[in-house]
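If you want the building blocks of each chain, they are given just below.
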Amino acid sequence: MNKQHLAAMAFRSAATYSGEVAMRARVDGQWQPTTYRQMGDSIRRIARALLAAGVQPGDRVGIFSENRPEWSLVDFAVLAVGGVTVPIYATNTQSQAAYIVDETEMAVIFTGSQANYDKIRAITLRPTPLRCIVALDDNTSIDGAASCHYSDFLKSGTDAADAEIEARLAAAAASDLATIIYTSGTTGEPKG
């Protein structure tokens, strides 16, 4: 495992600081802690599911969501399987999101709000490279065979994928492309 790769660093931190708090999120008005061990386990579960979804090294995986703990976890999981994260501003329009999806030939996308899911679902009504839409919020109303809720997506991965995750991390380099960040698109098409 390349020790300087971002995903390797996340897994190493999960092992080193396992019982310490890595992040906190506000749930029903209360701050809920997530330990480094829980963070590492979540990253691995997402990575397993990404492999089950057919994500290959270099595939683009989008995150079209407001800030939330899953955002970072998905980002690290994408890196763990050799993918490239493509964040889309939560405030982008459907046409801006479509432009980014098409230009990057995005394979999978995670959506936060119902509105963002609806924008992406509308994009898939025409030919698109997207194979899978994952709604991070299980309360999101989804439709279409290529859509699923985050909790169901996580169930698609298996422990057997761990060997592939380790192999991909071993092949990773600190110089690998990690993220394609696009401009907001306020002065024309977004630029990556």
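Preceding this section is the structure that the text describes.
Predicted model, so just to flag it, every value in this text is computed and none were measured. (Residues numbered from 1 in each chain as written. Predicted model: local features only at pLDDT ≥ 70, side-chain atom pairs only at ≥ 80, totals over all residues. Heavy atoms only, no water.)

**Quick notes on the pattern of salt bridges**
Here comes step 1: Tallied over the full model, the rule gives 11 salt bridges.
Here comes step 2: Taking the shortest distance from any N to any O, the salt bridge between Asp159 and Arg48 comes out at 3.1 Å. You can see Asp159 sitting in the loop between helix H6 (150-155) and helix H7 (162-171) and its partner Arg48 sitting in helix H2 (residues 36-52), a full 111 residues away along the chain.
Here comes step 3: By relative accessible area, which is 57% here, Asp159 ends up exposed.
Here comes step 4: With a shortest N-O distance of 2.8 Å, Arg168 and Glu164 are connected by a salt bridge. In this pair, Arg168 and Glu164 are both assigned in helix H7, four residues apart and thus about one turn of the helix distant.
Here comes step 5: Residue class for Arg168 comes out buried when judged on its relative accessible area of 12%.
Here comes step 6: In the salt-bridge network here, residues are joined through shared partners; they are Arg44, Arg48, Asp159, Asp162 and Glu166. (Salt bridge = Lys/Arg side-chain N within 4 Å of Asp/Glu carboxyl O. Helix = DSSP H or I, 4+ residues; strand = E, 2+ residues; numbered from the N terminus. Buried < 20%, exposed > 50% of the residue type's maximum accessible area, 1.4 Å probe, protein only.)

**Digging into the nonpolar core**
Here comes step 1: Counting 36 residues, the largest nonpolar core has Ile46, Leu50, Val108, Phe110, Val134 and Phe153 as its most contacted members.
Here comes step 2: Mapped onto this core, the elements with two or more residues apiece are helix H1 (6-16), H2, strand S3 (60-64), helix H3 (69-80), strand S5 (108-111), strand S6 (132-135), H6 and H7.
Here comes step 3: Ignoring any residue separated from it by four or fewer positions in sequence, one finds Ile46 in contact with Leu73, Val74, Ala77, Tyr150, Phe153 and Leu154. (Core = buried A, V, L, I, M, F, W, Y, C linked by side-chain atoms within 4.5 Å. Contact = heavy atoms within 4.5 Å.)

**Remarks on unusual backbone geometry**
Here comes step 1: In this model, Asp28 sits at a positive phi of 50°, which is unusual for a non-glycine residue.
Here comes step 2: Its place among the elements puts Asp28 in the loop between strand S1 (21-27) and strand S2 (30-35).
Here comes step 3: At Glu105, a residue that is not glycine, the phi angle is positive and equals roughly 55°.
Here comes step 4: Position of Glu105 relative to the elements: it lies in the loop between helix H4 (94-104) and S5.

Any functional reading would require information beyond the geometric quantities listed.
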